[in-house]
Amino acid sequence: MEKVRAKKHLGQHFLVDENIAQKIVNSLTNVEKPLIEIGPGMGVLTKYLIQKHPQFSVCEIDTESVEYLKEKYPELNIIEGDFLKLNLPELYDENIAIIGNFPYNISSQIMFAVYDNREIVDEVVGMFQKEVAKRLASPPGNKDYGILSVLLQAHYDIEYLFDVPPGVFSPPPKVNSGVIRLIRKENFSLDCDERLFKNVVKATFNQRRKTIRNSIKSLNVDVSKLPDKYLKERPEQLSVADFVEICNQIKH
Ligand code: SAH
């Protein structure tokens, strides 16, 4: 069978180290629930996943990879197309897990989609560019802590699992990679208006140099009840609990 030619615009770097592939697959805690793999490529993770997971699908945008997978795994359930265009609640009415060596050019968009679908996505194991993986798992006070860190950490426990060097891919990427796992919290709804929470997190991080109070004024909210400690703070110092408190202290 002809190998798939790696296409740069699709972020294709194929993992060729079987031990690392197994380590990623074994990082999933949940084998009973439906599982979707994003970007299987030539199936280095797929071949292990297909043996273990009874309700398993892959989503792949590259027609050449799809043809390869169809021939190699005739029984595989393949969703052909762009993962970012999928309507997950239409496809699944129960909790699902997501796994993948993600295409790095759209990995943030994939994680925003996870956040938007937090009602049904209860676990993610993913490989990212190392900096992105570190940022997602980073605690407050760290310079890497950003919008997606807060939004995802509000609903998921995130663990940085291990580094992956460029040499185990073909072709090797220019960056180091890292694998993280997200497990949805038992009680994953917030004690505040979640839409407001998202808007506050975005408004404050998008205007990092301003104080919290000044940046959230742009949301047309009443900040007069905001505790004094938030007059000076910067967003990267605030925990999820602080953002929840802010949301409960401002009024539309
Ligand atoms: N999992 C494979 C391939 C990783 S490369 C491995 O580890 O070897 C990233 C894969 O994501 C490629 O197969 C690429 O075609 C696919 N991809 C890129 N953009 C995508 C999208 N929007 N939706 C689904 N798959 C995508």
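Residues numbered from 1 in each chain as written. Predicted model: local features only at pLDDT ≥ 70, side-chain atom pairs only at ≥ 80, totals over all residues. Heavy atoms only, no water.

Draft legend 1. Spotlight on the side chain of histidine 53. Along the chain, the position of histidine 53 falls in the loop between helix H2 (46–52) and strand E3 (56–60). Residue class for histidine 53 comes out buried when judged on its relative accessible area of 3%. Within polar-contact distance, the side chain of histidine 53 engages the backbone oxygen of valine 31 at 3.4 Å. With residues up to four places along the chain from it excluded, the contact list for histidine 53 reads Leu28, Asn30, Val31 and Leu35. (Helix = DSSP H or I, 4+ residues; strand = E, 2+ residues; numbered from the N terminus. Buried < 20%, exposed > 50% of the residue type's maximum accessible area, 1.4 Å probe, protein only. Polar contact = N/O pair within 3.5 Å; in protein donor to acceptor, adjacent residues only side chain to side chain. Contact = heavy atoms within 4.5 Å.)

Draft legend 2. Highlighting the nonpolar core. Within the largest apolar cluster, 53 residues are counted, with the highest numbers of intra-cluster contacts made by Ile98, Met111, Leu152, Phe197 and Ile246. Counting residues per element, this core draws most heavily on helix H7 (residues 147–155), which supplies 6 residues. When residues of this core are assigned to domains, at least three map to each of domain 1 (8–184) and domain 2 (194–251). Apart from the residues within four sequence positions on either side, leucine 152 is in contact with Met111, Val114, Tyr115, Leu136, Ile158 and Leu182. In terms of nonpolar packing, the next biggest core, distinct from the first, is built from 28 residues, Val44, Ile99, Val168 and Phe169 among them. (Core = buried A, V, L, I, M, F, W, Y, C linked by side-chain atoms within 4.5 Å. Domains from an automatic or database assignment.)

Draft legend 3. Broad picture of the packing of helix H8 (residues 194–206) against helix H11 (residues 240–249). For the pair H8 and H11, interaxial distance at closest approach is 10 Å and the crossing angle is 110°. Classified by the interaxial angle, the pair formed by H8 and H11 is roughly perpendicular. Between H8 and H11, the contacting residues are Leu196, Phe197, Val200, Val201, Thr204 and Phe205 on the first element and Val240, Phe243, Val244, Ile246 and Cys247 on the second. Grouping the constituent residues of the contact of H8 with H11 by class yields 10 nonpolar, 1 polar and no charged. (Axes fitted to C-alpha atoms, helices over the stretch in contact; angles between N-to-C directions. Parallel < 35°, antiparallel > 145°, perpendicular 65-115°, else oblique. Nonpolar A, V, L, I, M, F, W, Y, C, P; charged D, E, K, R; others polar.)

Draft legend 4. The domain arrangement of the protein, seen in detail. Split by domain assignment, the protein resolves into domain 1 (8–184) and domain 2 (194–251). One C-alpha centre belongs to domain 1, the other to domain 2; they are set 31 Å apart. Contact residues are listed per partner, giving 16 residues for domain 1 and 15 residues for domain 2. For the domain 1 and domain 2 pair, buried surface summed over both sides reaches about 1100 Å², with 68% attributable to carbon and sulfur atoms. The largest share of the area that domain 1 buries against domain 2 comes from Tyr145, Ile147 and Val150, three residues that together contribute 41% of it. Connecting domain 1 to domain 2 are 2 salt bridges. (Buried area = accessible area lost by both parts, 1.4 Å probe. Salt bridge = Lys/Arg side-chain N within 4 Å of Asp/Glu carboxyl O.)

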